[in-house]
Amino acid sequence: MKSRGKGISLKLPSSESGFSMLEVIIAILTITAFLTGTLQLMAVNALYKVRAERQAKANFWIQEDFEYVKALASSLDVTSSPDYVKTDVCTGTEGYATALRRQLTETTLTNTSIPTEKLVDRRPIVGEKDYSLYRTFDITNQSANPHRLLIDYRVEATDKTTKDYPNQEDVIAKSSVEVVPDESFKCPS
């Protein structure tokens, strides 16, 4: 071993001269495993990000329609909506909930049958896939509460045959609301 100057060795002993082939292979395998796991997590993260964005937009769509329904309910009365509201709305068999349901389904007083479900709209939410917004009217206790309308919303894939990813459900958002038209508070109880 040669040294220059004040005892500093220029050459390392053979046991400390570098990495062995085994150490290099282990390092490569460790880095490969780490990168594979990281890339898989990034792919799953992207999938959940798209799913969360789709659900957020679907929930916003439901909220947007609910605001429209609330505005319609606040302006509903016998004079402004004579095609949907009976003159005996406070005392007759059909209360304001039925009148609101008639207006939401565009079913005039001349029709006796009112649909319990209505397709509101279709639109793409994320990407090119179309979704549909439905309102379903829960009228099971309508006679006990003639002025309260229960609405169940759902947003579902319009084309149910193709799925974006395995185990995808067709319905991506649901919500239930209760609407009481303002004019119903003027009815005697």
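Structure: see above.
Note that the structure is a prediction, hence the values are computed from the model and not measured.

Trainee: Before we move on, can you summarise the sheet that holds strand E5 (residues 149–157) with the specific residues and values?
Mentor: In any sheet, the strands associate via hydrogen bonds between backbone groups, in a parallel or an antiparallel arrangement. With antiparallel pairing, the four strands of this open sheet are ordered in space as E3-E4-E5-E6. In this open sheet, the two strands that pair with only one neighbour each are strand E3 (117–124) and strand E6 (171–179). Along the sheet, successive strands turn relative to each other by an average axial angle of 20 degrees, direction set aside. Where E3 lies against strand E4 (residues 130–138), seven bridges are found, and the strand directions are antiparallel. The residue bridging proline 124 from the neighbouring strand is aspartate 130, located in E4. Each of E3, E4, E5 and E6 touches helix H1 (residues 21–74); the most contacted strand, E6, lies at about 25 degrees to it. Docked against the sheet, helix H2 (residues 96–105) engages E3, E4, E5 and E6, running at close to 30 degrees with respect to E5.

Trainee: Give me the lowdown on the packing of aromatic side chains, citing residues and values where you can.
Mentor: Inspection of the entire model under this criterion finds zero aromatic pairs. The residue whose ring lies beneath arginine 154 is tyrosine 134, and the NZ or CZ to ring-centre distance is 4.4 Å.

Trainee: Kindly report on the packing of H1 against H2, identifying the contributing residues and their values.
Mentor: Two elements in contact, H1 and H2, have axes separated by 11 Å at closest approach and are oriented at 125 degrees. Between H1 and H2, the interaxial angle falls into the category oblique. Classified by chirality, the crossing of H2 by H1 is right-handed. For the pair H1 and H2, contact is made by Tyr68, Val69, Leu72 and Ala73 and by Leu100, Gln103 and Leu104, respectively.

Trainee: How would you summarise the nonpolar core if you had to cite specific residues and measurements?
Mentor: Leu100, Leu104, Ile125, Ile151, Tyr153, Val155 and Val179 are the most contacted members of the largest nonpolar core, which totals 30 residues. Elements with a contribution of two residues or more to this core: H1, H2, E4, E5 and E6. Ranked by residues supplied to this core, first place goes to H1 with seven residues. Other than its neighbours up to four places away in sequence, leucine 100 contacts Val69, Leu72, Ala73, Leu76, Leu149, Val179 and Pro181.

Trainee: How would you sum up the pattern of salt bridges? Please name residues and give values.
Mentor: All told, the structure shown has eleven salt bridges when counted by the stated rule. With a shortest N-O distance of 3.9 Å, lysine 86 and glutamate 94 are connected by a salt bridge. Residue lysine 86 is classed as partly exposed on the basis of its relative accessible area of 32%. Classification of glutamate 94 as buried rests on a relative accessible area of 17%. With a shortest N-O distance of 3.2 Å, arginine 102 and glutamate 94 are connected by a salt bridge. Comparing arginine 102 with glutamate 94, the two get one shared label, buried.

Trainee: Tell me about the environment of alanine 58, and please be specific about residues and values.
Mentor: The residue alanine 58 is located in helix H1 in this model. Alanine 58 sits in the buried class, given a relative accessible area of 0%. For the pair alanine 58 and alanine 173, spaced 115 residues apart in the sequence, the C-alpha separation amounts to 6.1 Å.

Trainee: I'd like a rundown of the pairing of E4, residues and numbers included.
Mentor: Looking along a regular strand, one sees the side chains alternate between the two faces of the sheet. In sequence, E3 turns back onto E4 through a hairpin of five residues, with glycine 127 there showing a positive phi of about 75 degrees. Direction of pairing for E4 relative to E5: antiparallel, over a ladder of eight bridges. By the bridge assignment, arginine 135 is partnered in E5 with tyrosine 153.

About the cut-offs
Residues numbered from 1 in each chain as written. Predicted model: local features only at pLDDT ≥ 70, side-chain atom pairs only at ≥ 80, totals over all residues. Heavy atoms only, no water. Pairing = 2+ DSSP bridges. Helix = DSSP H or I, 4+ residues; strand = E, 2+ residues; numbered from the N terminus. Axes fitted to C-alpha atoms, helices over the stretch in contact; angles between N-to-C directions. Contact = heavy atoms within 4.5 Å. Phe/Tyr/Trp six-rings, centres within 6.5 Å; stacked < 30°, edge-to-face > 60°. Lys NZ or Arg CZ within 6 Å of the ring centre and 35° of its normal. Parallel < 35°, antiparallel > 145°, perpendicular 65-115°, else oblique. Left-handed = near helix turned anticlockwise from the far one by under 90°. Core = buried A, V, L, I, M, F, W, Y, C linked by side-chain atoms within 4.5 Å. Buried < 20%, exposed > 50% of the residue type's maximum accessible area, 1.4 Å probe, protein only. Salt bridge = Lys/Arg side-chain N within 4 Å of Asp/Glu carboxyl O.

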